[in-house]
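Descriptive analysis of the structure
Letter by letter, the chains look like this.
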Amino acid sequence: MTEEDLLGVLNSAPVIDGQVVETLDDPQLATLRDELHAIIRGEVDPSSLMPILANAHQVPVMNEQGIQWQLVAPAAELQRAELVLEWARVERELPGRLRPCANPECNKFLIDHSKPNTARWCSMATCGNRMKARRHYARRREEA
Ligand SMILES: [Zn+2]
């Protein structure tokens with residue numbers, strides 16, 4: 001599970017033509033995604049994720065890279081447990097960098113890797129340009 005996988009799940013309910021569109025087939029994964037959205041937005045306490053990890057544990061395995069920790073959980077829960085752990089890793093290693101897109105009509109998230117930590121959009125090509133154009137026209141209206 002990587003950061004891209006986490007973002008892929010977080011961004012799996014995009015707004016298209018003003019409607020949130022569900023793209024996940026797994027309702028349990030969709031529920032977890034919605035819960036992570038609420039946690040990232042500060043609306044829900046992260047402790048609500050603990051039941052997902054209730055049956056998970058890690059075991060050491062030896063491979064070419066040395067000793068690694070491998071997640072073990074019931075098959076039906078493994079993906080969600082991995083997702084929660086990846087979210088926790090991003091929060092720990094990149095504090096404050098996982099955030100909602102600044103476009104209030106967007107339902108996507110971003111992980112900011114820029115040095116100044118000022119990225120605001122899920123995508124400059126879509127939300128960034130749209131919001132800049134909106135601000136530009138709003139200014140012109142005020143000047144007129
Ligand atoms: Zn966006």
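Residues numbered from 1 in each chain as written. Predicted model: local features only at pLDDT ≥ 70, side-chain atom pairs only at ≥ 80, totals over all residues.

Relative orientation of the contacting elements helix α2 (residues 27-40) and helix α3 (residues 75-93) amounts to 15°, with a least axis distance of 10 Å. Looking at the two axes, α2 sits roughly parallel to α3. Considering the relative orientation of α2 and α3, their crossing is right-handed. Residues Gln 28, Leu 29, Leu 32 and Leu 36 of α2 form the contact with α3, whose own contacting residues are Gln 79, Arg 80, Leu 83 and Trp 87. Across the contact of α2 with α3, the residue classes break down as five nonpolar, two polar and one charged. (Axes fitted to C-alpha atoms, helices over the stretch in contact; angles between N-to-C directions. Helix = DSSP H or I, 4+ residues; strand = E, 2+ residues; numbered from the N terminus. Parallel < 35°, antiparallel > 145°, perpendicular 65-115°, else oblique. Left-handed = near helix turned anticlockwise from the far one by under 90°. Contact = placed C-beta atoms within 7 Å. Nonpolar A, V, L, I, M, F, W, Y, C, P; charged D, E, K, R; others polar.)

Quick look at the environment of Cys 127 now. Looking at the secondary structure, you find Cys 127 in helix α4 (residues 124-143). Residues Cys 127 and Glu 105 lie 22 residues apart in sequence; the distance between their C-alpha atoms is 9.1 Å. The residues touching Cys 127, leaving out its near neighbours within four places in the chain, are Cys 101, Asn 103, Cys 106, Trp 121 and Cys 122.

Taking burial as the measure, the seven residues of strand β3 (residues 57-63) include zero buried ones, a minor fraction of the element. Two strands pair when backbone bridges link them, and β3 and strand β4 (residues 66-72) are joined in this way by seven bridges, in the antiparallel orientation. Across the sheet, the residue bridging to Val 61 is Gln 68, located in β4. A loop of two residues connects β3 with β4, the two strands running antiparallel in sequence. (Buried ≥ 20, exposed ≤ 12 C-beta atoms within 10 Å, placed from the backbone. Pairing = 2+ DSSP bridges.)

Detailed conclusions should not be drawn from predicted coordinates in areas where pLDDT is low. When pLDDT is averaged across the chain, the result is 94; 99% of the residues are at 70 or more. Per-element confidence in the chain is highest for α2, whose mean pLDDT is 98, and lowest for α4, whose mean pLDDT is 81. (pLDDT = per-residue confidence, 0-100.)

Helix length check: α2, at 14 residues, gives a terminal C-alpha distance of 20 Å against a target of 20 Å (1.5 Å per residue), a fit within 8%. Listing the buried residues of α2 in full gives Leu 32, Arg 33 and Leu 36. Down the axis of α2, the sector holding all buried residues measures 105°, keeping them to one side. Buried residues belonging to α2 abut α1 (3-10) and α3. Looking one or two places after α2, you find Gly 42, whose phi comes out positive at around 80°. (Expected span 1.5 Å × (residues − 1). Arc of directions from axis to C-beta.)

Within the secondary structure layout, Ala 81 lies in helix α3. Residue classification places Ala 81 among the buried residues on the basis of 22 C-beta atoms within 10 Å. Residues Ala 81 and Arg 130, 49 residues apart in the sequence, show an inter-C-alpha distance of 36 Å. In this structure, Ala 81 is in contact with Ile 52, Leu 53, Ala 56, Leu 71 and Ala 73, ignoring residues within four places of it in sequence.

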